[in-house]
Amino acid sequence: MARLPAPGVKAKWVLTIIVVAALLGIGFIYNNRLQTEQDDLLASIAHSELTIERLRATDLSDLEAEIAELESRARSAEGRARSAASREASITQRYRGYTHSIEIHETLYRAATEANCTITSLTCSGPTAEESGGITFHRYTVSVNAEAAVPPSLLSFLLKVSDAYESGVIDYVDMSVPRPPEEDAVDTISTVSFQFRVVYIPQEAD
């Protein structure tokens, strides 16, 4: 097998010069690229510093005053909302109190009519808040005076009142029954006085 001739001294120098020139060219290009990147980075940093200085020099007093005003308005609106909610709850409670009181009056007068009795006076006080088992109840106290021609009518009235409310309790009863009338005597009147407690569960606790 033929062997390649060895390069001469002149050829070696030429190859060396080419390699060195190539390395220098590559190094120059790489250096220029690094220099360009460094210049871009320095320009970006300078621009950022200029932007920061401009921001620092900006007068924010108007903006801060506007923010403070908005915060004040928000607090004021929140306070008005709480006040409105409180007033709404108070009005709602009073409305329910009136509604329950009217309902109690209507129920008792209807029971008296069905029992052939006449209510001479009726007062309803409340509501009074009471709590049991974590539930708040509203209690109404009703005082009733009624009369009838015969005692059984008063007893029927008491039974109807007791049956009208499962949560109702009659605290006391004071009944006045006159002696049976004689012939040709004026009709007698029987009377009853009693106190009645009615308990309601507010809708929020249902």
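Residues numbered from 1 in each chain as written. Predicted model: local features only at pLDDT ≥ 70, side-chain atom pairs only at ≥ 80, totals over all residues. Heavy atoms only, no water.

S.K.: Can you help me understand the environment of F196 in this one?
M.R.: Structurally, F196 is set in strand 4 (residues 190-200). Note on F196: relative accessible area 0%, which makes it buried. A C-alpha to C-alpha distance of 5.0 Å links F196 and V142, two positions 54 residues apart in sequence. Excluding its chain neighbours within four sequence positions, the residues that come into contact with F196 are Y140, T141, V142, V161, Y165, G168, V169 and I170. (Helix = DSSP H or I, 4+ residues; strand = E, 2+ residues; numbered from the N terminus. Buried < 20%, exposed > 50% of the residue type's maximum accessible area, 1.4 Å probe, protein only. Contact = heavy atoms within 4.5 Å.)

S.K.: Before we go on, may I ask you to explain the sheet that holds strand 4 in this structure?
M.R.: Adjacent strands of a sheet form backbone hydrogen bonds with each other and so pair up, either parallel or antiparallel. Taking strand neighbours across the sheet as the criterion, the four strands line up as 1-2-4-3 in an open arrangement whose pairing is antiparallel. With one partner strand each, in any of the chains shown, strand 1 (118-132) and strand 3 (169-176) form the two edges of the open sheet. With direction set aside, neighbouring strand axes in the sheet form an average angle of 10°. With twelve bridges connecting them, strand 1 and strand 2 (residues 135-148) associate as antiparallel partners. Among the inter-strand pairings, A129 is bridged to a residue of strand 2, identified as H138. (Pairing = 2+ DSSP bridges. Axes fitted to C-alpha atoms, helices over the stretch in contact; angles between N-to-C directions.)

S.K.: When you look at helix 3 (residues 151-164) in this model, what are you seeing that I'm missing?
M.R.: The terminal C-alpha atoms of helix 3, which comprises 14 residues, lie 20 Å apart, in line with the 20 Å expected from a rise of 1.5 Å per residue. Here helix 3 has its buried residues at S153, L154, F157, L158 and V161. The buried side chains of helix 3 occupy one side of the element, clustering within an arc of 140° when seen end-on. The outward face of helix 3, more than 90 degrees from its buried face, is lined by the exposed residues P152, L159 and D163. (Expected span 1.5 Å × (residues − 1). Arc of directions from axis to C-beta.)

S.K.: Any chance you could explain the confidence of the model for the chain here in plain terms?
M.R.: Detailed reading of the predicted model is not advised wherever pLDDT is low. Counting all residues, the mean pLDDT for the chain is 77, and 79% of those residues have values of 70 or more. Averaged over each element, pLDDT in the chain is lowest for helix 2 (residues 61-114) (72) and highest for helix 3 (91). (pLDDT = per-residue confidence, 0-100.)

S.K.: What is the right way to look at the pattern of salt bridges in this model?
M.R.: Two side chains with opposite charge may pair up if their charged atoms get near one another. The final tally for this structure, using the stated rule, is two salt bridges. Measuring nitrogen to oxygen at the nearest pair gives 3.7 Å for the salt bridge that ties K160 to E114. Of this pair, K160 sits in helix 3 while E114 sits in helix 2, and the two are 46 residues apart along the sequence. When its relative accessible area of 30% is taken as the criterion, K160 is described as partly exposed. (Salt bridge = Lys/Arg side-chain N within 4 Å of Asp/Glu carboxyl O.)

S.K.: Can you walk me through the pairing of strand 4 in this structure?
M.R.: A regular strand carries its side chains on alternate faces of the sheet. Only one face of strand 4 is buried: it carries S190, V192, F194, F196, V198 and Y200, and the other face, with T191, S193, Q195, R197 and V199, is open. Note: strand 2 against strand 4, eleven bridges, orientation antiparallel. Counted as the bridge partner of V144 is F194 from strand 4. Note: strand 3 against strand 4, seven bridges, orientation antiparallel. Looking at the pairing, Y172 lines up with Q195 of strand 4.

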